[in-house]
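# Architecture and fold: a report
Chain by chain, the residues:
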Amino acid sequence: MAVKIGLIGTGTVGGGCIEIIQKHKEGFKRHFGIDLELAQVCSLQRERAEEYGVADIFTDNFHDVLENPEIDVVVEVIGGTTFARTVVTEALKAGKHVVTANKALMATYGEEIMKLAAENEREIAFEASVGGGIPIIGPLKHSLIANEISSVIGIVNGTTNYMLTRMGEDGLTYDDALAEAQAKGFAEADPTADVDGLDAAAKIAILSSIAFNSRVTMADVHTEGIRSLSPVDLATAQEMGYCVKLLAIGNRTDAGIDVRVHPAMLPLDHPLATVNGVFNAIYAVGDFVGETMFFGEGAGAGAAASAVMGDVLEVVRHVQAGIKPLVGCTCTDNLPFMKIEDTVQRYYLRCKVVDRPGILAKMASAFSNHGVSVYSMIQRGADEQANTAELVYVTHSAKDSEIMAAIAEMKAMDNVLAEGEEPAVIRLAGK
């Protein structure tokens, strides 16, 4: 007997799901014994349903899907955290299994949703919420479950990775790289979620919750974007043997969980350093498995629909076999969170300063006053007409609070930093 699916959302991902079902339905049945039927499609755009040839099962009222006693699995691909939250929670209460691609929803309301799924003995699957078509949720919850995960680091936003690749390799400015990404369809008209790191923050919240068995929400993630980055900094990084990526970082430390999103300089021999363009990758370290990396296309209708349908097929397999949900919420450890101020790493600082005697001594004093040791300093050049020079510092490992205090002292000094200039600050990352 077929397991019936209700699809809510007919955008790019929803359309991709319909196409996969139409193309591979018989193959699923023949090869895997999985008999699924798309029983109902819900959206506000009937023309999309007509375009995909499913107008006969179309509805514009999601209650029709949730109240349909024949539907076993609801697929939510509408996005957002308001209406989607209602759809997912009401579907679980109605006794439906749920598959979602909604990262913001799971990163914000994951605890509520997982609790509802457990109470109603239903599955909630969300592989497509992180990394598009890259399998990472499943491996963390199944294949790597025998490990204690110490670190999970990802390039999980294709828009910013494309922009930084173009800025680093071809010297484009931030504005030019963004305009190109928008022209190619890689960036939205409003790129805020991508360039300010919010998209990546949602994804690392989900990954960290699973990896560290502790609840992490978007509000727990220190988040910085890429708006302030300059091609000068990316070129300097290359000269120093680094590349610059927007990293989503989760670390298990003795002091607690360190979860953050920010630009970082990666050594060129790091596995993530070769991930360019719109590609994504997640690098995870376990105590027994060691280093692992998952790489692939992180966005697009095909990649996300592939992950959604992978979840659907797994849930349908369980329904057909009468198997209860296998792995529910694992966030039972309640580890404390580290503040960004207490994290320790090396730093790159590029400062445009007034070109006059005594400046180096004042800069050195600011570092010294806050316990920051300088590893190297180079002068990238001088502008005689403006009477300024650019100094690039790389520090030894230091607390974030110490670095920020040193920068604040530099900014408070008279005639040190060039007028109107802010130091460029990028953290250094390693293996």
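Because the structure is predicted, anything quoted here is derived from the model rather than measured.

Glancing now at the overall build of the protein chain. From N to C terminus, the protein chain includes 14 helices and 17 strands. Projected onto its principal axes, the C-alpha positions of the protein chain cover 85 × 45 × 35 Å. Taking all 431 residues of the protein chain together, the buried fraction comes to 52%. Across the protein chain, every contact between residues at least 6 apart in sequence was considered, and the portion connecting residues at least 24 apart equals 72%. Just so you have it, the protein chain exposes about 18,800 Å², and 49% of that area is on carbon and sulfur atoms.

Time to look at the confidence of the model for the protein chain. A residue-level look at the protein chain finds 99% of positions with pLDDT of 70 or above and a mean pLDDT of 93. Across the protein chain, the secondary-structure element scoring lowest on mean pLDDT is strand β14 (residues 374-383), at 88, and the one scoring highest is strand β8 (residues 222-223), at 98.

A few words now on the environment of H396. Inspection of the secondary structure puts H396 in the loop between β15 (388-395) and β16 (398-399). The partly exposed category is assigned to H396, whose relative accessible area is 36%. Residues H396 and R346, 50 residues apart in the sequence, show an inter-C-alpha distance of 5.3 Å. Not counting the four nearest positions on each side in its chain, H396 is found in contact with Q345, R346, S373, V374 and Y375.

Further remarks concern the state of the cysteines. Summed over the entire model, instances satisfying the criterion amount to zero disulfides. With no disulfide of its own, C331 lies 4.1 Å from the sulfur of C329, the closest cysteine sulfur. By relative accessible area, C331 is classed as buried at 16%.

At a minimum axis separation of 8 Å, helix α1 (residues 12-32) and helix α12 (residues 301-321) run at an interaxial angle of 55°. Taken as axis vectors, α1 and α12 run oblique relative to one another. In the crossing of α1 with α12, the sense of the turn from one axis to the other is right-handed. Taken together, the residues of α12 that come into contact with α1 (itself represented by T12, V13, G16, C17, I20, I21 and F28) are A301, A304, A305, S306, V308, M309 and L313. Of the residues belonging to the contact of α1 with α12, the class tally is eleven nonpolar, three polar and no charged.

Here we take up the pairing of strand β11 (residues 279-286). Burial within β11 is extensive, with seven of its eight residues counted as buried. Across eight bridges, β11 lies against strand β12 (residues 290-297) in antiparallel orientation. Looking at β12, one finds that I282 is bridged to F294. Taking the residues that link successive antiparallel strands as the turn, the β11-β12 hairpin has three residues.

This part covers the side chain of E76. The residue E76 is located in strand β4 (residues 71-76) in this model. There is no salt bridge for the buried E76, and the closest opposite charge comes from K103, which lies 10 Å off by N-O distance. Apart from residues no more than four positions distant in its own chain, E76 is found in contact with I8, A84, V87, V88, V99, T100, A101, N102 and L105.

A separate point is the environment of C331. Tracing the backbone through its elements, the reader meets C331 in the loop between α12 and β13 (344-354). Along the chain, C331 and S214 lie 117 residues apart, while their C-alpha atoms are 4.1 Å from each other. Those residues in contact with C331 that lie beyond four places of it in its chain are S209, N213, S214 and R215.

Looking now at the pattern of salt bridges. Per the stated rule, a full pass over the model turns up 22 salt bridges. The partner of R427 in a salt bridge is E224, and the shortest N-O contact between them spans 3.2 Å. One end of the pair, R427, is in strand β17 (residues 424-428); the other, E224, is in the loop between β8 and α11 (231-239), with 203 residues separating them in the sequence. Residue classification places E224 among the partly exposed residues on the basis of a relative accessible area of 25%. The partner of K399 in a salt bridge is D342, with the nearest N and O atoms 3.8 Å apart. Linking K399 in strand β16 with D342 in the loop between α12 and β13, this pair joins segments that are 57 residues apart in sequence. Judged by relative accessible area, K399 falls into the partly exposed class, the value being 33%. D342 sits in the partly exposed class, given a relative accessible area of 35%. Salt bridges sharing common partners tie together K25, K29 and D35.

Spacing of three or four residues puts side chains on the same side of an α-helix, whose turn is 3.6 residues. Counted at 1.5 Å a residue, the expected span for helix α7 (residues 158-170) with its 13 residues is 18 Å, and the 18 Å between its end C-alpha atoms agrees. Listed as buried for α7 are G158, T159, T160, N161, Y162, M163, L164, T165 and M167. The elements touched by buried residues of α7 are β7 (149-155), α8 (174-183), α9 (192-195), α11, β9 (242-253) and β11. One side-chain oxygen of the residue at the start of α7 lies 3.3 Å from the amide nitrogen of T159, identifying that residue as N157. Where α7 ends, the next residue or the one after it, G171, has phi of about 75°, a positive value.

A few words now on unusual backbone geometry. Located in the positive-phi region is E121, a residue other than glycine, with phi close to 50°. Among the residues examined, E121 registers a relative accessible area of 44% and is labelled partly exposed.

Within strand β1 (residues 3-8), six of the six residues are buried, leaving the element largely enclosed by the surrounding structure. Burial along β1 is two-sided: the face carrying V3, I5 and L7 and the face carrying K4, G6 and I8 are both buried. Inspection of the sheet shows β1 paired to strand β2 (residues 36-42) by six bridges, in the parallel sense. By the bridge assignment for β2, L7 is matched with V41. The β-α-β motif built from β1, the intervening α1 and the parallel element β2 has right-handed crossover chirality. One ladder, built from five bridges, connects β1 with β4; its direction is parallel. Note that in β4 the partner of G6 across the bridge is V74.

Calculation notes
Residues numbered from 1 in each chain as written. Predicted model: local features only at pLDDT ≥ 70, side-chain atom pairs only at ≥ 80, totals over all residues. Heavy atoms only, no water. Helix = DSSP H or I, 4+ residues; strand = E, 2+ residues; numbered from the N terminus. Buried < 20%, exposed > 50% of the residue type's maximum accessible area, 1.4 Å probe, protein only. Contact = heavy atoms within 4.5 Å. Areas by Shrake-Rupley, 256 points an atom, 1.4 Å probe, with all protein chains shown as cover. pLDDT = per-residue confidence, 0-100. Disulfide = S-S within 2.5 Å. Axes fitted to C-alpha atoms, helices over the stretch in contact; angles between N-to-C directions. Parallel < 35°, antiparallel > 145°, perpendicular 65-115°, else oblique. Left-handed = near helix turned anticlockwise from the far one by under 90°. Nonpolar A, V, L, I, M, F, W, Y, C, P; charged D, E, K, R; others polar. Pairing = 2+ DSSP bridges. Lys, Arg positive; Asp, Glu negative; His and termini not counted. Salt bridge = Lys/Arg side-chain N within 4 Å of Asp/Glu carboxyl O. Expected span 1.5 Å × (residues − 1). Polar contact = N/O pair within 3.5 Å; in protein donor to acceptor, adjacent residues only side chain to side chain. Right-handed = clockwise from strand over helix to strand, strands pointing away.

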